[in-house]
Amino acid sequence: MKNVSIDTLTDAVLGYCGKDTDPRLMQLLDGLLNHMHAFAKETKLTHAEWLTAVEFLGRIGDISTPTRNEYVLLSDVTGLSSLVDMIGSQHAGTSSSVLGPFHILGAPDLPVGGDLKQDNDGATVIVKGRVRTPDGTPIKGAVIESWQTADSGLYSNVDETQDDYNLRCSIKVGDDGAYSFSSIRPAPYMVPDDGPVGDLLHATGRDAWRPSHFHFIVVAQGYKSLVTEVFPSDDPYLDKDAVFGVREDLIMNYVERTSLDDVPDGLAIDRNVTMPFYTVDFDFVLVPDEA
Ligand code: BEZ
Ligand code: FE
(Lines give C-alpha, C1' and ligand atoms only; values in the text may rest on other atoms or scores of the structure.)
(Ligands and ions follow the chains in the order given, each with its own letter.)
Protein backbone atom coordinates (compact mmCIF):
# COMPACT_ATOMS: atom_id res chain seq x y z
CA MET A 1 0.00 0.00 0.00
CA LYS A 2 1.28 3.45 -0.93
CA ASN A 3 0.81 6.63 1.04
CA VAL A 4 0.09 5.08 4.43
CA SER A 5 -0.75 7.60 7.12
CA ILE A 6 -1.09 7.51 10.88
CA ASP A 7 -4.81 6.93 10.37
CA THR A 8 -4.63 4.21 7.71
CA LEU A 9 -1.61 2.19 8.83
CA THR A 10 -3.44 -0.31 11.09
CA ASP A 11 -5.88 -1.30 8.34
CA ALA A 12 -3.01 -1.44 5.86
CA VAL A 13 -1.14 -4.00 7.97
CA LEU A 14 -4.25 -6.10 8.55
CA GLY A 15 -5.13 -5.82 4.87
CA TYR A 16 -1.90 -7.62 3.95
CA CYS A 17 -3.16 -10.79 5.65
CA GLY A 18 -4.52 -13.40 3.27
CA LYS A 19 -8.20 -14.29 3.26
CA ASP A 20 -7.39 -17.89 4.19
CA THR A 21 -5.81 -16.84 7.50
CA ASP A 22 -7.23 -18.80 10.42
CA PRO A 23 -10.18 -16.70 11.72
CA ARG A 24 -9.12 -16.84 15.38
CA LEU A 25 -5.54 -15.83 14.46
CA MET A 26 -7.01 -12.97 12.45
CA GLN A 27 -9.20 -11.87 15.37
CA LEU A 28 -6.25 -11.90 17.78
CA LEU A 29 -3.98 -10.02 15.38
CA ASP A 30 -6.67 -7.47 14.66
CA GLY A 31 -7.12 -6.75 18.38
CA LEU A 32 -3.41 -6.74 19.13
CA LEU A 33 -2.43 -4.44 16.26
CA ASN A 34 -5.28 -2.04 16.91
CA HIS A 35 -4.35 -1.78 20.61
CA MET A 36 -0.59 -1.53 19.94
CA HIS A 37 -1.02 1.18 17.34
CA ALA A 38 -3.52 3.07 19.50
CA PHE A 39 -1.03 2.88 22.40
CA ALA A 40 1.74 4.37 20.26
CA LYS A 41 -0.54 7.16 19.06
CA GLU A 42 -2.01 7.96 22.50
CA THR A 43 1.36 8.08 24.24
CA LYS A 44 3.13 9.72 21.28
CA LEU A 45 5.75 7.00 21.59
CA THR A 46 9.19 8.30 20.62
CA HIS A 47 11.74 6.40 18.56
CA ALA A 48 14.11 6.25 21.56
CA GLU A 49 11.38 4.81 23.79
CA TRP A 50 10.45 2.25 21.15
CA LEU A 51 14.12 1.24 20.87
CA THR A 52 14.38 0.89 24.67
CA ALA A 53 11.38 -1.46 24.58
CA VAL A 54 12.91 -3.52 21.77
CA GLU A 55 16.19 -3.78 23.69
CA PHE A 56 14.28 -4.75 26.83
CA LEU A 57 12.57 -7.63 24.96
CA GLY A 58 15.99 -8.63 23.57
CA ARG A 59 17.38 -8.85 27.12
CA ILE A 60 14.40 -10.95 28.12
CA GLY A 61 15.25 -13.41 25.34
CA ASP A 62 18.95 -13.39 26.26
CA ILE A 63 18.39 -14.30 29.91
CA SER A 64 15.75 -16.97 29.23
CA THR A 65 16.83 -20.60 29.44
CA PRO A 66 14.90 -23.89 29.59
CA THR A 67 14.65 -23.37 33.37
CA ARG A 68 14.12 -19.61 33.44
CA ASN A 69 11.41 -18.12 31.26
CA GLU A 70 11.67 -14.36 31.64
CA TYR A 71 8.82 -13.86 29.12
CA VAL A 72 6.43 -15.72 31.43
CA LEU A 73 7.72 -13.64 34.34
CA LEU A 74 7.00 -10.46 32.34
CA SER A 75 3.50 -11.73 31.65
CA ASP A 76 3.11 -12.54 35.37
CA VAL A 77 4.24 -9.18 36.78
CA THR A 78 2.23 -7.20 34.23
CA GLY A 79 -0.92 -9.10 35.26
CA LEU A 80 -1.51 -10.70 31.86
CA SER A 81 -1.11 -14.26 33.18
CA SER A 82 -3.66 -13.63 35.93
CA LEU A 83 -6.03 -11.90 33.53
CA VAL A 84 -5.96 -14.93 31.23
CA ASP A 85 -6.46 -17.21 34.28
CA MET A 86 -9.48 -15.24 35.45
CA ILE A 87 -11.05 -15.07 31.98
CA GLY A 88 -10.82 -18.88 31.76
CA SER A 89 -12.04 -19.36 35.31
CA GLN A 90 -15.48 -17.71 35.26
CA HIS A 91 -17.42 -20.73 36.48
CA ALA A 92 -18.66 -22.30 39.72
CA GLY A 93 -15.37 -24.17 40.31
CA THR A 94 -12.28 -23.23 42.30
CA SER A 95 -10.47 -20.21 40.85
CA SER A 96 -7.33 -20.89 38.92
CA SER A 97 -4.07 -19.07 39.62
CA VAL A 98 -0.60 -18.77 38.10
CA LEU A 99 1.41 -21.92 37.36
CA GLY A 100 4.72 -20.15 37.96
CA PRO A 101 8.11 -21.28 36.67
CA PHE A 102 8.93 -23.87 39.34
CA HIS A 103 6.66 -26.73 38.29
CA ILE A 104 8.47 -29.86 37.07
CA LEU A 105 7.01 -33.03 35.64
CA GLY A 106 7.27 -36.39 37.38
CA ALA A 107 6.29 -35.63 41.00
CA PRO A 108 6.41 -38.89 42.99
CA ASP A 109 3.19 -40.59 44.13
CA LEU A 110 2.13 -40.07 47.73
CA PRO A 111 -0.74 -42.07 49.26
CA VAL A 112 -3.70 -40.20 50.80
CA GLY A 113 -2.52 -39.27 54.33
CA GLY A 114 1.15 -39.49 53.32
CA ASP A 115 3.94 -37.45 54.90
CA LEU A 116 5.66 -35.02 52.56
CA LYS A 117 7.41 -33.19 55.41
CA GLN A 118 9.95 -35.96 56.07
CA ASP A 119 13.09 -34.26 57.44
CA ASN A 120 12.31 -30.73 56.21
CA ASP A 121 12.62 -27.87 58.71
CA GLY A 122 9.52 -25.76 59.22
CA ALA A 123 6.16 -25.78 60.94
CA THR A 124 4.07 -28.88 60.30
CA VAL A 125 0.95 -28.29 58.24
CA ILE A 126 -1.73 -30.85 57.45
CA VAL A 127 -3.74 -30.13 54.31
CA LYS A 128 -6.96 -31.99 53.71
CA GLY A 129 -10.21 -31.75 51.83
CA ARG A 130 -12.06 -33.25 48.90
CA VAL A 131 -12.13 -33.00 45.15
CA ARG A 132 -15.78 -32.47 44.27
CA THR A 133 -18.27 -30.92 41.89
CA PRO A 134 -19.99 -27.60 42.71
CA ASP A 135 -22.99 -29.58 44.08
CA GLY A 136 -20.76 -31.62 46.41
CA THR A 137 -20.46 -34.90 44.49
CA PRO A 138 -17.02 -36.47 45.13
CA ILE A 139 -14.83 -36.87 42.04
CA LYS A 140 -13.17 -40.24 42.44
CA GLY A 141 -10.00 -40.94 40.52
CA ALA A 142 -8.92 -37.26 40.60
CA VAL A 143 -5.18 -36.68 40.89
CA ILE A 144 -3.75 -33.75 42.86
CA GLU A 145 -0.21 -32.59 42.24
CA SER A 146 1.34 -30.31 44.83
CA TRP A 147 4.62 -28.38 45.02
CA GLN A 148 5.90 -25.70 47.37
CA THR A 149 8.96 -23.96 48.78
CA ALA A 150 11.09 -25.33 51.57
CA ASP A 151 11.53 -23.29 54.75
CA SER A 152 14.31 -21.38 52.97
CA GLY A 153 11.79 -19.97 50.46
CA LEU A 154 13.38 -22.01 47.64
CA TYR A 155 11.90 -24.67 45.37
CA SER A 156 13.76 -27.97 45.04
CA ASN A 157 14.66 -27.40 41.38
CA VAL A 158 16.59 -24.19 42.13
CA ASP A 159 18.31 -25.34 45.33
CA GLU A 160 21.15 -27.84 45.21
CA THR A 161 20.76 -28.65 48.90
CA GLN A 162 17.33 -30.23 48.35
CA ASP A 163 16.49 -33.55 46.73
CA ASP A 164 15.16 -33.08 43.19
CA TYR A 165 11.54 -33.79 44.17
CA ASN A 166 11.58 -32.47 47.73
CA LEU A 167 8.12 -31.22 48.78
CA ARG A 168 6.51 -32.35 45.52
CA CYS A 169 3.92 -35.09 45.27
CA SER A 170 1.06 -36.53 43.28
CA ILE A 171 -1.94 -37.91 45.24
CA LYS A 172 -4.76 -39.99 43.81
CA VAL A 173 -7.90 -39.29 45.85
CA GLY A 174 -10.08 -42.05 47.31
CA ASP A 175 -13.58 -43.00 46.14
CA ASP A 176 -14.94 -40.36 48.51
CA GLY A 177 -12.87 -37.69 46.73
CA ALA A 178 -10.92 -37.13 49.96
CA TYR A 179 -7.23 -36.27 50.14
CA SER A 180 -4.86 -35.35 52.93
CA PHE A 181 -1.13 -34.99 53.41
CA SER A 182 1.29 -33.48 55.88
CA SER A 183 4.02 -31.05 54.94
CA ILE A 184 5.59 -27.80 56.15
CA ARG A 185 4.23 -24.29 55.88
CA PRO A 186 5.65 -22.87 52.66
CA ALA A 187 7.62 -19.61 53.01
CA PRO A 188 7.01 -16.32 51.17
CA TYR A 189 9.62 -15.61 48.50
CA MET A 190 10.62 -13.08 45.89
CA VAL A 191 10.16 -13.65 42.16
CA PRO A 192 13.55 -13.56 40.37
CA ASP A 193 14.45 -9.86 40.20
CA ASP A 194 18.03 -10.02 38.90
CA GLY A 195 17.03 -9.69 35.22
CA PRO A 196 15.20 -7.19 32.98
CA VAL A 197 11.83 -7.87 34.64
CA GLY A 198 13.45 -7.12 38.01
CA ASP A 199 14.77 -3.87 36.53
CA LEU A 200 11.20 -2.96 35.60
CA LEU A 201 9.97 -3.78 39.12
CA HIS A 202 12.74 -1.68 40.68
CA ALA A 203 12.25 1.23 38.25
CA THR A 204 8.60 1.38 39.28
CA GLY A 205 9.14 0.94 43.03
CA ARG A 206 7.41 -2.43 43.10
CA ASP A 207 7.80 -5.37 45.44
CA ALA A 208 9.08 -8.70 44.13
CA TRP A 209 7.45 -10.63 47.00
CA ARG A 210 4.85 -13.34 46.67
CA PRO A 211 2.78 -14.51 49.65
CA SER A 212 3.51 -18.10 50.69
CA HIS A 213 1.42 -20.71 48.90
CA PHE A 214 0.92 -24.32 47.97
CA HIS A 215 0.72 -24.90 44.22
CA PHE A 216 -1.78 -27.48 42.98
CA ILE A 217 -2.76 -29.03 39.68
CA VAL A 218 -5.91 -31.14 39.86
CA VAL A 219 -6.94 -33.38 36.97
CA ALA A 220 -9.91 -35.73 36.60
CA GLN A 221 -11.37 -37.32 33.52
CA GLY A 222 -14.38 -35.39 32.20
CA TYR A 223 -13.50 -32.22 34.17
CA LYS A 224 -11.59 -29.04 33.36
CA SER A 225 -8.07 -29.33 34.78
CA LEU A 226 -7.35 -26.85 37.56
CA VAL A 227 -4.05 -25.03 38.10
CA THR A 228 -4.16 -23.08 41.32
CA GLU A 229 -2.53 -21.97 44.58
CA VAL A 230 -3.71 -21.73 48.19
CA PHE A 231 -2.60 -18.88 50.48
CA PRO A 232 -2.70 -18.50 54.29
CA SER A 233 -4.99 -15.71 55.50
CA ASP A 234 -2.28 -14.28 57.79
CA ASP A 235 0.42 -13.86 55.13
CA PRO A 236 1.89 -10.32 55.15
CA TYR A 237 2.16 -10.22 51.34
CA LEU A 238 -1.44 -11.17 50.46
CA ASP A 239 -2.23 -7.62 49.37
CA LYS A 240 0.90 -7.09 47.30
CA ASP A 241 1.52 -10.31 45.41
CA ALA A 242 3.95 -9.38 42.62
CA VAL A 243 2.04 -11.59 40.16
CA PHE A 244 -1.60 -10.99 41.24
CA GLY A 245 -2.36 -14.66 41.95
CA VAL A 246 -4.45 -14.17 45.12
CA ARG A 247 -8.24 -14.71 44.85
CA GLU A 248 -10.75 -14.63 47.71
CA ASP A 249 -11.62 -18.35 47.45
CA LEU A 250 -7.93 -19.32 47.55
CA ILE A 251 -7.24 -17.71 50.97
CA MET A 252 -7.39 -20.28 53.78
CA ASN A 253 -7.26 -20.18 57.55
CA TYR A 254 -4.26 -22.15 58.73
CA VAL A 255 -5.72 -23.27 62.07
CA GLU A 256 -3.09 -23.44 64.82
CA ARG A 257 -3.13 -26.70 66.84
CA THR A 258 -1.21 -27.73 69.94
CA SER A 259 -2.50 -31.23 70.64
CA LEU A 260 -1.68 -34.47 68.88
CA ASP A 261 -5.39 -35.31 69.31
CA ASP A 262 -6.00 -32.78 66.54
CA VAL A 263 -4.04 -34.80 63.98
CA PRO A 264 -6.79 -36.16 61.73
CA ASP A 265 -7.13 -39.95 61.49
CA GLY A 266 -5.25 -41.73 58.77
CA LEU A 267 -2.25 -39.39 58.66
CA ALA A 268 1.26 -40.86 58.54
CA ILE A 269 2.81 -37.82 60.26
CA ASP A 270 2.44 -38.86 63.97
CA ARG A 271 6.14 -39.26 64.78
CA ASN A 272 7.11 -36.11 62.91
CA VAL A 273 4.70 -33.38 64.11
CA THR A 274 6.26 -30.13 65.32
CA MET A 275 4.26 -27.95 67.74
CA PRO A 276 2.33 -25.84 67.13
CA PHE A 277 1.14 -27.36 63.91
CA TYR A 278 -1.48 -26.14 61.45
CA THR A 279 -4.42 -27.68 59.65
CA VAL A 280 -5.84 -26.42 56.39
CA ASP A 281 -9.17 -27.56 54.97
CA PHE A 282 -9.52 -26.97 51.28
CA ASP A 283 -11.90 -28.52 48.73
CA PHE A 284 -11.03 -28.44 45.05
CA VAL A 285 -14.19 -27.81 43.04
CA LEU A 286 -13.98 -28.94 39.41
CA VAL A 287 -16.44 -28.18 36.64
CA PRO A 288 -17.22 -30.51 33.72
CA ASP A 289 -15.10 -30.20 30.60
CA GLU A 290 -17.84 -28.61 28.53
CA ALA A 291 -18.83 -25.95 31.15
C1 BEZ B 1 5.55 -19.03 41.69
O2 BEZ B 1 4.52 -19.03 42.30
O3 BEZ B 1 6.26 -19.98 41.87
C4 BEZ B 1 5.86 -17.91 40.74
C5 BEZ B 1 4.85 -17.41 39.97
C6 BEZ B 1 5.12 -16.38 39.08
C7 BEZ B 1 6.40 -15.88 38.99
C8 BEZ B 1 7.42 -16.38 39.77
C9 BEZ B 1 7.15 -17.40 40.67
FE1 FE C 1 5.25 -20.50 43.80
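Residues numbered from 1 in each chain as written. Chains lettered and ligands numbered in written order. Predicted model: local features only at pLDDT ≥ 70, side-chain atom pairs only at ≥ 80, totals over all residues. Heavy atoms only, no water.

**With respect to the sheet that holds strand β8 (residues 214-219)**
- Judged by pairing direction, the sheet is mixed, and its 5 strands sit side by side in the order β4-β3-β8-β9-β10 without closing on themselves. The open sheet has two free edges, formed respectively by β4 (168-172) and β10 (251-252), since each of these has just one partner strand.
- The pairing of strand β9 (residues 226-232) with β10 spans 2 bridges and is classified as parallel. Directly across from Phe231, in β10, lies its bridge partner Ile251. (Pairing = 2+ DSSP bridges. Helix = DSSP H or I, 4+ residues; strand = E, 2+ residues; numbered from the N terminus.)

**Thoughts on unusual backbone geometry**
- With an omega of -10°, the peptide bond running from Met275 to Pro276 counts as cis.
- Mapped onto the secondary structure, Pro276 falls in the loop between β11 (255-257) and β12 (277-281).
- Of note in this structure, Lys44 is not a glycine but carries a positive phi near 50°.
- Given a relative accessible area of 67%, Lys44 falls into the exposed group.
- The backbone phi angle of Leu167 is positive, close to 60°, even though this residue is not glycine.
- Inspection of the secondary structure puts Leu167 in the loop between β3 (143-147) and β4.
- We classify Leu167 as buried; its relative accessible area is 1%. (Buried < 20%, exposed > 50% of the residue type's maximum accessible area, 1.4 Å probe, protein only.)

**Details of empty space enclosed by the protein**
- Under the defined criterion, the tally for this structure stands at 1 cavity of 30 Å³ or more.
- Estimates place the volume of the largest cavity at around 100 Å³.
- In terms of lining residues, the largest cavity is bounded by 14 residues, among which Gly100, Pro101, Tyr189, Val191 and Arg210 are the most central.
- Considered class by class, the residues forming the lining of the largest cavity number 10 nonpolar, 2 polar and 2 charged. (1 Å grid on protein atoms, 1.4 Å probe; cavity = no way out; pocket = protein on both sides within 12 Å on 5 of 7 lines; lining within 4 Å. Points joined across faces, edges and corners; volume = space filled by probe spheres on them. Nonpolar A, V, L, I, M, F, W, Y, C, P; charged D, E, K, R; others polar.)

**Some points on the packing of helix α3 (residues 47-63) against helix α6 (residues 196-203)**
- Contact geometry of α3 with α6 gives a least axis separation of 9 Å together with a crossing angle of 135°. Relative to α6, the element α3 is oriented oblique. Between α3 and α6, the residues in contact are Phe56, Arg59, Ile60 and Ile63 and Pro196, Val197, Asp199 and Leu200, respectively.
- Grouping the constituent residues of the contact of α3 with α6 by class yields 6 nonpolar, no polar and 2 charged. (Axes fitted to C-alpha atoms, helices over the stretch in contact; angles between N-to-C directions. Parallel < 35°, antiparallel > 145°, perpendicular 65-115°, else oblique. Contact = heavy atoms within 4.5 Å.)

**Some remarks on the coordination of the iron ion (ligand 2)**
- Surrounding the iron ion (ligand 2) are the protein donor atoms Tyr155 (OH), Tyr189 (OH), His213 (NE2) and His215 (NE2), which sit 1.9 to 2.1 Å from the metal.
- Each of the 6 donor atoms around the iron ion (ligand 2) contributes to a set of angles spanning 54 to 167°, which defines the coordination as irregular.
- For the iron ion (ligand 2), the donor residues sit on a single chain with the sequence spacing Y-x33-Y-x23-H-x1-H. Exposure class is identical for His213 and His215. Each is buried. (Donors = N, O, S within 2.8 Å, 3.2 Å for Na, K, Ca; no water. Tetrahedral: all angles 85-135°; square planar, octahedral: opposite > 155°, others 65-115°.)

**Notes on the pairing of β12**
- The element β12 is largely enclosed, with a buried count of 4 among its 5 residues.
- The sheet contact formed by strand β2 (residues 124-132) and β12 spans 4 bridges and is parallel. In the strand pairing of β12, Ile126 is matched with Thr279.
- Across 3 bridges, the pairing between β11 and β12 is antiparallel. Paired with Arg257 across the strands is Phe277, a residue of β12.

**Details of the nonpolar core**
- Val127, Val131, Ile144, Tyr179, Phe181, Phe216 and Phe284 are the most contacted members of the largest nonpolar core, which totals 32 residues.
- Mapped onto this core, the elements with two or more residues apiece are β2, β4, β5 (178-184), β8, β9 and β12.
- When residues no more than four places from it in sequence are discounted, the contact partners of Val131 are Thr137, Pro138, Ile139, Ala142, Ile144, Val173, Gly177, Val218, Phe284 and Leu286.
- One finds Ile60, Leu201, Ala208 and Ala242 within the second-largest nonpolar core, a separate group that totals 12 residues. (Core = buried A, V, L, I, M, F, W, Y, C linked by side-chain atoms within 4.5 Å.)

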